[in-house]
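# Notes for the structure review
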Amino acid sequence: MESNWNFSPSTYTGDNMEALLRMAQKTRCQRNCNSEKPRLGDFKKITPQDMPEIWKYLQSEPGRTTDFSYGGVLMWVDYFNYEYSICNETLFIKGAVENDLSKPAFSLPVGKLPLYESIKLLKEYCDFHNIDLEFSAVPEYALGDMKALSPSMVEELADWGDYLYDASPLATLKGKKMSKKRNHVNQFVARYSDWKAVALTPENSEDAMAFMDVFDKEGDSTEMAEAERVLSRFLIDMIKCGDKNLEGMILYADGKVAAYTIGDRKGDTLFIHVEKATRAVIGSYEMINYMFAKYQTEKHPEILYINREDDAGDIGLRMAKESYHPKEILKKYNIIF
């Protein structure tokens, strides 16, 4: 059998043999690159004490999705197991795939590093830890830059898009589209003459916490709903402890709590993270929605939009959010490299 090899040992000198050895060493390094410690440091579990540092970076993110808001990160730390690392003035957040908690995933990096450099750092980290490099809840505005770096998969996160509204209609209830909401608010005011809506503070936070026991009996029993109620209590605790970034409102009727809400601001957007009301008080949902939007837009005139987050595929929640006529749904994507 004829051989295609043309090997002549006599043609190899000490110099080119050394070059071959260097090439072999380089190949071994490439094959075993996951054994080298990555440049990106270890990730640390996010705590409330870390949020001032993290918030500095989140404020520079140009989108309006809740995943990069102060409360959107803080509230869901335990559910998504959020951890963070800062490298070269860039924030990296590691958690879980939004629609599959069994898989680790990263948020879109925020900071001074170009996206391709951030992805290189994360690729080294993932190779070292033998995990896939997957991003979850990537905002649509970053999709073009991500696609330019040749990902292996891009998939829209169905049911997880955020409902974004023009602030003015929610804060004034003016116009034909808001006539039903306006009627519910007027009925509430007529029925409960002693009603009052006040800021949620450390002093009255226990009223909101006690109300959660009432809401537990009315709320859904799905795993997500139960987890969200636990996390709602956590945000009440944060207000009780004096968190300055979270703002809330509590609504009373007949001398009892009828509803409360908690949100925060970033740029021109108000984010609503928690909104709870009792069905026993007719119009309480519409009233707390209206009063908080009115209060926030008067206090912070720069607010142009309100993000009321996703519906998580819940039909009832979807209908409720659609009834306020969103300006748009902020799409998000899972992306694998």
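Residues numbered from 1 in each chain as written. Predicted model: local features only at pLDDT ≥ 70, side-chain atom pairs only at ≥ 80, totals over all residues. Heavy atoms only, no water.

## Considering the overall build of the protein
Heads up, the condition is: A run of H or I in DSSP becomes a helix once it reaches four residues, and a run of E becomes a strand once it reaches two; helices and strands are each numbered from the N terminus. The contact criterion used is simple: two residues touch if any of their non-hydrogen atoms lie within 4.5 Å. Per-residue accessibility takes into account occlusion by the displayed protein chains alone, with areas from the Shrake-Rupley method and a 1.4 Å probe.
Each helix and strand in the protein was counted, giving 12 helices and 15 strands. Counted over contacts in the protein with a minimum sequence separation of 6, partners at least 24 positions apart contribute 71%. Of the roughly 17,600 Å² of accessible surface on the protein, 51% is carried by carbon and sulfur atoms.

## Things to note about the packing of helix H8 (residues 179-191) against helix H11 (residues 284-299)
Each packed pair of helices is defined by two parameters, the angle between the axes and the distance between the axes. Inclusion rule: Here the axes come from fitting lines to C-alpha atoms, over the contacting stretch only for helices, and the angles between their N-to-C directions go from 0 to 180 degrees. By the definition adopted for this analysis, an angle is roughly parallel if under 35 degrees, roughly antiparallel if over 145, roughly perpendicular if from 65 to 115, and oblique otherwise. Residues are grouped as follows: Ala, Val, Leu, Ile, Met, Phe, Trp, Tyr, Cys and Pro are nonpolar; Asp, Glu, Lys and Arg are charged; all remaining types, including Gly, are polar.
Packing of H8 against H11 brings their axes to within 8 Å, and their N-to-C directions diverge by 105°. Comparing the axis directions of H8 and H11 gives the class roughly perpendicular. Only Ser284, Glu286, Met287 and Tyr290 of H11 make contact with H8, whose side of the interface consists of Lys181, His184, Val185, Phe188 and Val189. Of the residues in the contact of H8 with H11, the class split is five nonpolar, two polar and two charged.

## Focus on the layout of surface pockets
Using the following cut-off: Only protein atoms enter the 1 Å grid, on which a cavity is a set of points fitting a 1.4 Å probe that cannot get out and a pocket is an open set with protein on both sides within 12 Å along at least 5 of 7 lines, lining residues being those with an atom within 4 Å of a point. Grid points are joined across faces, edges and corners, and a volume is the space filled by probe spheres set on the points.
Volume-wise, the largest pocket comes out at about 1,300 Å³. Every residue lining the largest pocket is counted, 43 residues in all, and those nearest its centre are Glu275, Lys276, Asp310, Leu317 and Lys321. Elements that contribute at least two residues to the lining of the largest pocket include exactly helix H9 (205-218), helix H10 (223-240), strand E12 (269-277), H11 and helix H12 (315-322). At six residues, the largest contribution of residues to the lining of the largest pocket is made by E12.

## Section: the pattern of salt bridges
Definition in use: Each salt bridge in this description consists of a side-chain nitrogen of Lys or Arg and a carboxyl oxygen of Asp or Glu lying within 4 Å of one another.
All chains considered together, the criterion is met by 24 salt bridges. Put simply, Lys94 and Glu83 hold a salt bridge, and the shortest N to O gap is 3.8 Å. Taken together, the residues Lys94 in strand E3 (residues 90-97) and Glu83 in strand E2 (residues 83-87) connect sequence positions 11 residues apart.

## Things to note about the packing of aromatic side chains
Spelled out, the test is: Ring pairs are drawn from Phe, Tyr and Trp, using the six-membered ring of Trp, whenever the two centres fall within 6.5 Å, and their geometry is named by plane angle: stacked under 30 degrees, edge-to-face over 60, tilted for the rest. Remark: exposure states derive from per-residue accessible area (1.4 Å probe, protein chains only) relative to the maximum for the residue type, with buried under 20%, exposed over 50%, and partly exposed in between.
One pass over the full model with this rule turns up 12 aromatic pairs. Pairing Tyr79 with Phe80 gives two aromatic rings, centres 5.0 Å apart and planes at 85°, and the pair type is edge-to-face. In this structure Phe80 comes out as buried when scored by relative accessible area, which is 5%. The interplanar angle of 85° and the centroid separation of 6.2 Å between the aromatic rings of Phe211 and Tyr260 together place this pair among those described as edge-to-face. In this pair, Phe211 sits in helix H9 while Tyr260 sits in strand E11 (residues 256-266), placing the two residues 49 residues apart along the sequence. Neither residue differs from the other here; Phe211 and Tyr260 are each classed as buried. Pairwise contacts between aromatic rings join Trp76, Tyr79, Phe80 and Tyr82 into one cluster.

## Focus on the confidence of the model for the protein
In plain terms, the rule: The pLDDT value tells you how sure the predictor is about a given residue, anywhere from 0 up to 100.
For the protein, the mean per-residue pLDDT works out to 92, and 90% of the residues sit at or above 70. For the protein, per-element mean pLDDT is lowest for helix H1 (residues 14-31), which scores 48, and highest for strand E13 (residues 305-307), which scores 99. In this model residues 1-12 is a low-confidence stretch, pLDDT under 50, and it forms four contacts with partners more than four residues away in sequence or in other chains. For residues 24-34, every residue scores under 50 in pLDDT, and the model assigns this stretch four contacts once sequence neighbours within four places are set aside.

## Comments concerning the packing of H9 against H10
Closest axis-to-axis distance for the H9/H10 pair is 9 Å, and the angle between their directions is 170°. It follows that H9 is roughly antiparallel to H10 by the angle criterion. Two secondary-structure elements touch here, H9 through Ser205, Glu206, Ala208, Met209, Met212, Asp213, Phe215 and Asp216 and H10 through Arg229, Ser232, Arg233, Ile236, Asp237 and Lys240. Of the residues that constitute the contact of H9 with H10, the class distribution is five nonpolar, two polar and seven charged.

## Some words on the nonpolar core
Rule in force here: Residues belong to one nonpolar core when they are buried, are Ala, Val, Leu, Ile, Met, Phe, Trp, Tyr or Cys, and are joined through side-chain atoms within 4.5 Å.
In terms of nonpolar packing, the biggest core is built from 58 residues, with Phe135, Tyr260 and Ile262 touching the most fellow members. Sequence-distant contacts of Phe135, that is, excluding residues within four places in its chain, are made with Phe106, Ser107, Leu108, Pro109, Ile119, Leu122, Met146, Tyr333, Asn334, Ile335 and Phe337. Ala167, Met249, Met287 and Ile303 belong to the second largest nonpolar core, which has 28 residues in total.

## Topic: the environment of Leu251
Looking at the element boundaries, Leu251 is found in strand E10 (residues 247-253). Using a relative accessible area of 0% as the deciding quantity, one classes Leu251 as buried. Residues Leu251 and Lys196 lie 55 residues apart in sequence; the distance between their C-alpha atoms is 5.9 Å. Residues in contact with Leu251, not counting those within four places in the same chain, are Phe188, Trp195, Lys196, Ala197, Lys256, Val257, Ala258, Ala259, Ser284, Met287 and Ile288.

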